Amino acid sequence: MGSIREQWLIFLSTPLYVIVVGIELILSHLHARSLYEKKDTFANFYLMLLNTGIDLAFRIVYLAVLQFFFIHAIFSVRNAVAYWVLLVVAEDFIYYWLHRFDHEVRFFWATHVTHHSSRQMNFTVGFRSSVFQPLYRFIYFIPLAWFGFRPLDIAFVYSATQIWGIFVHTELVGKLGWLEYFMVTPSHHRVHHGSNPKYLDKNMGMFLIIWDKLFGTFQRELPPAAYEPIRYGLTKNIEHPGAVDLVIHEWRDIRRDLRQKGLTAWQKWNYLFGPPGWSHDGSRKTSRQLRGEEPPDGIRSGEPPIEQLYLQA
């Protein structure tokens, strides 16, 4: 069940994905970059298929919910241009908060962590989906339907911006000039996938980077002279990333934490809904705590001023 526009998106984007991934594979081989690893790439497509299956199975439910609120809409946009511009901007704003909560609330991180579990950075990592996200993502989009945006249009814009979101997963594209000021670029998204302390929980946008700049989660990609190279993956990577572990390993860890003896109700709440890395005994650290241990500008001692490093990069 989907719109004709979404079907055209799939029809047009699929060959484009094949071409772009093929080019990246060739360049990776020619330049000995080792951007792809067979098992990791297989996992990317496996997780995408799981996510797609759940999304298709659940679509009739979330579209029905959105349709209910659309029928009872309290507002409508008559001008077609304004309608689509507002929908893209509003939906991207909502996605920013969806993505931010996926990082800052462990219950949701348990789903989203699969997307960050790859130690590679290539276009197929964009397919490495948060498997169970379709079961709750639509809740964030209810205000859009309530403000008069049609459910199928909401789904279409999400799919369209996801295409851009896939293409920012690469190491082969550098900075994109003036686009860096307002759009999510490969440079911005490399930071997002970094497990380096300074890069944790940064650059949450999918299409526009302006939300990160407004709400304090923006971090530019620092040049090698200023900071260590980006390490992709998790602060503690999965030891045995099998097909099942990739999906449920964080849920298993949550269960283990909740079973500890002597926990108060508040401590149990934090293990479930607190920030990832929270622990009652200080045995683990959250992203904020890890970032707090970094030098203010991430500059190595004895290096020239940051402005000079950017001019050199």
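Every value quoted in this text rests on a predicted model; they were computed, and no experiment measured them.

Reading the values: the criteria
- Residues numbered from 1 in each chain as written.
- Predicted model: local features only at pLDDT ≥ 70, side-chain atom pairs only at ≥ 80, totals over all residues.
- Heavy atoms only, no water.
- Helix = DSSP H or I, 4+ residues; strand = E, 2+ residues; numbered from the N terminus.
- Rg over C-alpha atoms; globule rule 2.2 N^0.38 Å.
- Buried < 20%, exposed > 50% of the residue type's maximum accessible area, 1.4 Å probe, protein only.
- Axes fitted to C-alpha atoms, helices over the stretch in contact; angles between N-to-C directions.
- Parallel < 35°, antiparallel > 145°, perpendicular 65-115°, else oblique.
- Contact = heavy atoms within 4.5 Å.
- Nonpolar A, V, L, I, M, F, W, Y, C, P; charged D, E, K, R; others polar.
- Phe/Tyr/Trp six-rings, centres within 6.5 Å; stacked < 30°, edge-to-face > 60°.
- Salt bridge = Lys/Arg side-chain N within 4 Å of Asp/Glu carboxyl O.

1. Section: the overall build of the protein
The helix and strand inventory of the protein stands at 13 helices and 0 strands. The linear arrangement of helices and strands in the protein, starting from the amino end, is α-α-α-α-α-α-α-α-α-α-α-α-α. Computed over its C-alpha atoms, the radius of gyration of the protein comes to 20 Å, within 12% of the 20 Å expected for a compact globule of 313 residues. The burial tally for the protein puts 48% of its 313 residues in the buried class.

2. Focus: the packing of helix α10 (residues 245–258) against helix α11 (residues 265–273)
Packed helices, taken two at a time, are described by the angle between their axes plus the distance between the axes. It is at 10 Å that the axes of α10 and α11 come closest, and there the two elements cross at 175°. In terms of orientation, α10 lies roughly antiparallel with respect to α11. When α10 is examined against α11, the residues I254, D257 and L258 are found in contact with a partner set consisting of K268, Y271 and L272. Classifying every residue of the contact of α10 with α11 by side-chain character gives 4 nonpolar, no polar and 2 charged.

3. What about the environment of F68?
Following the sequence through the fold, F68 ends up in helix α2 (residues 38–71). Separated by 23 residues in sequence, F68 and F45 have C-alpha atoms that sit 34 Å apart.

4. What to know about the packing of aromatic side chains
Aromatic ring pairs: the centre-centre distance and the angle between the two ring planes describe each pair. In total, this model carries 31 aromatic pairs according to the counting rule given. Arranged with centres 5.4 Å apart and planes meeting at 85°, the rings of F107 and F108 form a pair that is edge-to-face. Linked through ring pairs, F93, Y96, W97, F101, Y140, W211 and F215 together constitute an aromatic cluster.

5. So, the side chain of S117
Mapped onto the fold, S117 is located in the loop between α4 (106–112) and α5 (137–140). Looking at S117, the relative accessible area reads 10%, which means it is buried. Aside from chain neighbours lying at most four places away, what touches S117 is R128, L234, I238 and L246.

6. Observations concerning the pattern of salt bridges
In a structure, side chains of opposite charge can pair up when their charged atoms sit close to one another. Counted by the stated rule, this structure contains 15 salt bridges. The shortest N-O distance in the salt bridge between R128 and D40 comes to 3.4 Å. Separated by 88 residues along the polypeptide, R128 in the loop between α4 and α5 and D40 in helix α2 bring together distant segments of the chain. Notably, a salt bridge pairs R284 with D257, separated by 2.9 Å at the nearest N-O pair. Residue R284 is located in the loop between α11 and α12 (287–292), and its partner D257 is located in helix α10; the two are separated by 27 residues in the primary sequence. The partly exposed category is assigned to R284, whose relative accessible area is 29%.

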